[in-house]
Amino acid sequence: MDYVAHDASAFAPPAEVDEMELYHPKTFVGKYIWSQDAKVIAIQYAITAIGIGLVALVLSWFMRLQLGFPNSFQFINPSNYLQFVTQHGMIMVIYLLTALFLGGFGNYLIPLMVGARDMVFPYVNMVSYWVYLSAVLLLIASFFVAGGPTGAGWTLYPPQAILQGTPGATWGIILMLVSLALFIIGFTMGGLNYVVTVLQARTRGMTMMRLPLTVWGIFTATILALLAFPALFVSAIMMLLDLTLGTSFFMPALVSMGQQSEHTGGNPLLFQHLFWFFGHPEVYIVALPAFGIVSDLLSVHARKNIFGYRMMVWAIVAIGGLSFLVWAHHMYVSGMNPYFGFFFATTTLIIAIPTALKVYNWVLTLWHGNIRLTVPMLFAIGFIFAFIHGGLTGLFLGNVTVSVPLSDTMFVVAHFHMVMAVAPIMVVFGAIYHWYPKITGRMLNDTLGKFHFWVTFLGTYAVYLPMHYLGFLGVPRRYYAVGGTDFIPASAQSLNAGITIAALIAGAVQAVFLYNLVWSYFKGKPAGGNPWNATTLEWQTPDTPPKHGNFGPTLPSVYRWAYDYSVPGAEQDFIPQNVPAREVARSGTKT
Amino acid sequence: MGIFHELTVKPWATDQGKVDDLHAGGTSPPAARKLALRVFLAVVAVLFTLLVTAYSGRMAYEDWRPAPQVSLLWANTLVLILSSVALQWAQYSVRRGRIDAMRVGLLAGGTFTVVFLFGQFLAWRQLATMVYFELTNPAIAFFYLITGLHGAHLLGGLVAWGRTVARVWGDFDVAKTRQSVELCTVYWHFLLLVWLVLFGLLFTGNNLDVLLKLCGIR
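Numbers given to residues run from 1 along each chain, matching the order in which its sequence is written. Going through the entries in the order they are written, you letter the chains from A and number the ligands from 1. In view of the model being predicted, local features appear only for residues whose pLDDT reaches at least 70, and side-chain atom pairs are presented and counted only at 80 or more, with totals across whole chains, interfaces and linings using the full set of residues. Remark: hydrogens and water are excluded; side-chain values derive from all non-hydrogen atoms of the structure.

*Asks:* What is the right way to read the overall build of chain B from this model?
*Replies:* Helix and strand labels come from DSSP, where a helix needs a run of H or I of at least four residues and a strand needs a run of E of at least two; each type is numbered from the N terminus. Regarding its fold elements, chain B presents eight helices and zero strands. Seen in sequence order, chain B has helices and strands lined up from the N terminus as α-α-α-α-α-α-α-α. With respect to the principal axes defined by its C-alpha atoms, chain B has extents near 70 × 50 × 20 Å. Each of the 218 residues in chain B was classed as buried or not, and the buried ones make up 50%. Any two residues whose heavy atoms approach within 4.5 Å at even a single point are treated as in contact. When contacts within chain B are restricted to residue pairs at least 6 apart in sequence, those whose partners lie at least 24 apart make up 77%. Per element, the accessible surface of chain B, about 10600 Å² overall, is 66% carbon and sulfur. When a residue's accessible area, from a 1.4 Å probe over protein chains only, is under 20% of the maximum for its type it is buried; when over 50% it is exposed; and in between it is partly exposed. The accessible surface values rely on the Shrake-Rupley method and a 1.4 Å probe; as for residues, cover is taken only from the protein chains in view.

Written as structure tokens, this is what we have:
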């Protein structure tokens, strides 16, 4: 019996449909600045996102310095501590992770992986990046206006977000809200591109169920983002109006700093509902691309087809759908009907089913695989650890009775950093080590990469594992200092100091990564077209890095799914998606 | 192939591979534009659904004070219906090759839209001069926010409409223009539908019971 994919009759001729018209720039500015090439736009997105992410990393250091060594640093005071907390959270979640996964990886990988020349609307794609950059610049500007950036917490809850007394309550919050609105407008332009490109521009033979899981993850996350961001958009506009025109969407009648405010009749809970209707899907907007990418990394570097491909696709779609039904689990202590709490706890726990299914499938993909402990694989395995850890603590926090006492403690901080910071960033690093050879034509240095992995992985664990215990003790989050609190033992301070040292080390080692990116660009080992022997289309381009238009004169035709690794009977341990059955080299023995 | 069928295929199986190989692939710009508009309309639908939900949620509180009625909105609604009808006429005409009629329909559609927007502006002014006007009243603030966002979407539509109108003089590609007219028509019909829902539910008196039933609260 011949197990080598499909039989020889299943040959599809090259696509006969019209090619898309590409804009061919002739100047440097046209090629690299006002570029309409999705690959260049992807790199622009990535550099901007990583750049602003580094700012957020430094802000987290400042926070940790205060928590680990209270009152030792003159430049940290209660007011700017809150600004550090707020800006760190907002930048990491939205301006780094969302932008990098969708704008960065989405732009680079979608056209290449589906076999398209570019996104379907390249001009809109270009505008999307420049609007995103404007949003980032506005955010940066907020650091330099009177009062500094907002310190309202990344959730920006009213009424305190816009009341005098909160840091940045005049200009900082205005710039934050306008920046968010711009980000959403820019994202919508990009998001339309990603969705339509996946649905309309797949090459011949690339059916939806032959798409690599990376594309499924980014595609589903984009749909989530398109449907969830409007909630943040309207809440940003409404808060802006409350602040500037004196409307009362969210602002109730209250006495602030001894004075009766002019607001009457606003409902702060309305903001929380709108914010979390966006905020929870946002978790999956970051997680789903990570799920997709890590599936591909595991499969390529374990030389094995992904276990349960269909289940993986269904799980991505199911998680996406369910993520819109769980938002109020962020509001258990905000005051709600107990039946609502019961409903949202139930939906939250139901999400654990498709999520756990994915984790089992990743582990089963590794099972009996021909595992190569490359740097991308190390990061992928690191992701599984961090994600299981963060996912399990999510089960605690999803239950109302357990969540209420743990609310606003360091346990919550440890949970969401494990699941939403360490886990996705492991995938970001894994993905960069994996696709850097395609983007630049050179390999990243392996030794530096492994050093980077181990220090990052162990360092982040040293930060967040002990933090759970601080949470159990009742150490609150977002506090500049806890003062003389009886229920917190003195040893908690020693733990905090240790966490800070680990955070400083885990952050500093990122310099090695940045050095590796630059050094390898010039001196790295030439990668060739397909250094990992992967099957997906981005590795089958005639040029590395791929040129404008991606695939040379003819678009590839696809004959198989993305996971034909170690196929019995085939001579090589991978069969690229664009190789028809009749061209597969067979080994002498057939089973 | 239906979505459920597509999601249940087994891409690794030999037999399935033969079916999958038949996917024609390739980019078709008209289909892409049409799909992009549909996706965008879904985003806009979510935006306004959230606003309606927020409005009704706030309405359920005891201290709710309805906004004063602005009768001009009825006339504005009629004008917006006329703009949609005019664009429908333009679409009907271009499909039958009647280019002059298409131009008339297009221009009338745009003109009615501008009149509608001006009418909305007048409605804003009217409300602002009423005795009960108070910006801290959520009902009034919601009125300005929702009509403003709806108007902003129409203004965006007018940009696309303007680009289409600029193309329909002299020699032009009828097939391309036909699609632009069709897309404009779909967008206008959609925004008319949104307006009818907003106007009917929020701005024609106290429809709290209907809204709460729709939201499943009562």
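*Asks:* In this structure, what is going on with the confidence of the model for chain A? I would like to understand it.
*Replies:* For residues with low pLDDT, the predicted coordinates do not support detailed interpretation. Residue-level pLDDT values for chain A average 93, and 96% of them are 70 or greater. A score between 0 and 100, pLDDT records how confident the predictor is in each residue. This stretch, residues 1-5 of chain A, has a pLDDT under 50; its non-local contacts, to residues over four places away or in other chains, come to 16 contacts.

*Asks:* Before we go on, may I ask you to explain the interface of chain B and chain A in this structure?
*Replies:* How big an interface is tends to be stated in terms of accessible area lost as the parts join. At the interface, 44 residues of chain B touch 58 residues of chain A. Counting the surface lost from both chain B and chain A, the interface buries some 4300 Å², and carbon and sulfur atoms represent 69% of this. Polar contact is defined as a pair of N or O atoms within 3.5 Å, subject to the rule that within protein one atom must be able to donate a hydrogen and the other to accept it, and that residues adjacent in sequence are counted only when both atoms are side-chain atoms. Where chain B meets chain A, there are six residue pairs in polar contact (both at pLDDT 80 or more). For the side of chain B that touches chain A, the secondary-structure elements that each account for two or more residues are α1 (3-7), α2 (14-20), α3 (29-59) and α6 (138-167) of chain B. Among the elements that take part in the side of chain B that touches chain A, α3(B) stands out by supplying 15 residues, more than any other. Class assignment for the residues of the side of chain B that touches chain A results in 26 nonpolar, nine polar and nine charged. The term buried area denotes the loss of accessible surface (1.4 Å probe radius) that occurs when two parts are joined, taken as the sum for both partners. Residues are grouped as follows: Ala, Val, Leu, Ile, Met, Phe, Trp, Tyr, Cys and Pro are nonpolar; Asp, Glu, Lys and Arg are charged; every other residue, Gly included, is polar.

*Asks:* What should I look at first to understand the packing of aromatic side chains in this one?
*Replies:* When we look at a pair of aromatic rings, we describe it by the centre distance and by the angle of the planes. All names here are of chain A. Stacked, tilted and edge-to-face pairs are distinguished by plane angle, under 30 degrees for stacked and over 60 for edge-to-face with tilted covering the rest, among Phe, Tyr and Trp rings (Trp via its six-membered ring) whose centres lie within 6.5 Å. Enumeration over the complete set of coordinates arrives at 64 aromatic pairs over all chains. Ring geometry for F62 versus F75: centroids 5.0 Å apart, planes at 75°, classification edge-to-face. With F62 in helix α2 (residues 38-68) and F75 in the loop between α2 and α3 (78-114), the pair connects residues that are 13 residues apart, well separated along the chain. Taking 5.0 Å as the distance between ring centres and 80° as the angle between the ring planes, the aromatic pair formed by F291 and F387 counts as edge-to-face. You can see F291 sitting in helix α7 (residues 268-301) and its partner F387 sitting in helix α10 (residues 375-398), a full 96 residues away along the chain.

*Asks:* Could you clarify how one ought to interpret the environment of G53(A) in this entry?
*Replies:* Along the chain, G53(A) turns up in helix α2. In contact with G53(A), other than residues within four places in its own chain, are I91(A), M92(A) and L96(A).

*Asks:* I keep staring at the pattern of salt bridges and nothing clicks. Help me out?
*Replies:* Side-chain pairing between opposite charges can occur once the charged atoms of the two side chains come close. Residue and element names in this part refer to chain A. Within this document, salt bridges are pairs made up of a side-chain nitrogen of Lys or Arg and a carboxyl oxygen of Asp or Glu, the two lying within 4 Å of each other. Applying the stated rule across the entire model yields 13 salt bridges over all chains. With a closest N to O distance of 3.3 Å, K450 and D446 form a salt bridge. Taken together, the positions of K450 and D446, both in helix α13 (residues 446-473) and four residues apart, correspond to about one turn of that helix. The salt bridge partner of K547 is D543, with a shortest N-O separation of 3.9 Å. Owing to a relative accessible area of 53%, K547 belongs among the exposed residues under this scheme. Exposure remark for D543: the relative accessible area of 28% places this residue in the partly exposed category.

*Asks:* Quick question: what am I supposed to make of empty space enclosed by the protein here?
*Replies:* Empty space among the atoms becomes visible once a probe the size of a water molecule is rolled across them. Residues and elements named next belong to chain B. Note on definitions: the grid is 1 Å and covers protein atoms alone; a cavity is a set of points where a 1.4 Å probe fits but cannot get out; a pocket is an open set with protein on both sides within 12 Å along at least five of seven lines; lining residues have an atom within 4 Å of a point. Grid points are joined across faces, edges and corners, and a volume is the space filled by probe spheres set on the points. In the structure shown here, the tally under the stated rule is three cavities of 30 Å³ or more. Roughly 130 Å³ of internal volume is contained in the largest cavity. Around the largest cavity, the lining is made up of 14 residues, and of these A67, P68, Q69, L202 and F203 lie nearest the centre. Grouping the constituent residues of the lining of the largest cavity by class yields 12 nonpolar, two polar and no charged.

*Asks:* I keep staring at the environment of M189(A) and nothing clicks. Help me out?
*Replies:* Residue and element names in this part refer to chain A. Tracing the sequence through the fold places M189 in helix α5 (residues 171-200). A residue is classified by how much of its surface remains accessible, and M189, at 23% relative accessible area, is partly exposed. Remark: the alpha-carbon pair of M189 and S128, spanning 61 residues in sequence, is separated by 5.4 Å. The contact partners of M189, leaving out residues within four places of it in the chain, are V124, V127, S128 and V131.

*Asks:* Would you mind showing me how to read the nonpolar core here?
*Replies:* Most often, soluble globular proteins keep nonpolar side chains buried together rather than apart. All names here are of chain A. Ranked by size, the top nonpolar core spans 258 residues in total, and within it Y95, W216 and W362 carry the most contacts. With 22 residues, the single largest contributor to this core is α3. Here, the term nonpolar core denotes a set of buried Ala, Val, Leu, Ile, Met, Phe, Trp, Tyr and Cys residues that are joined through side-chain atoms within 4.5 Å. Core analysis: the next-biggest nonpolar cluster, separate from the first, contains five residues, A570, I575, V579 and V584 among them.

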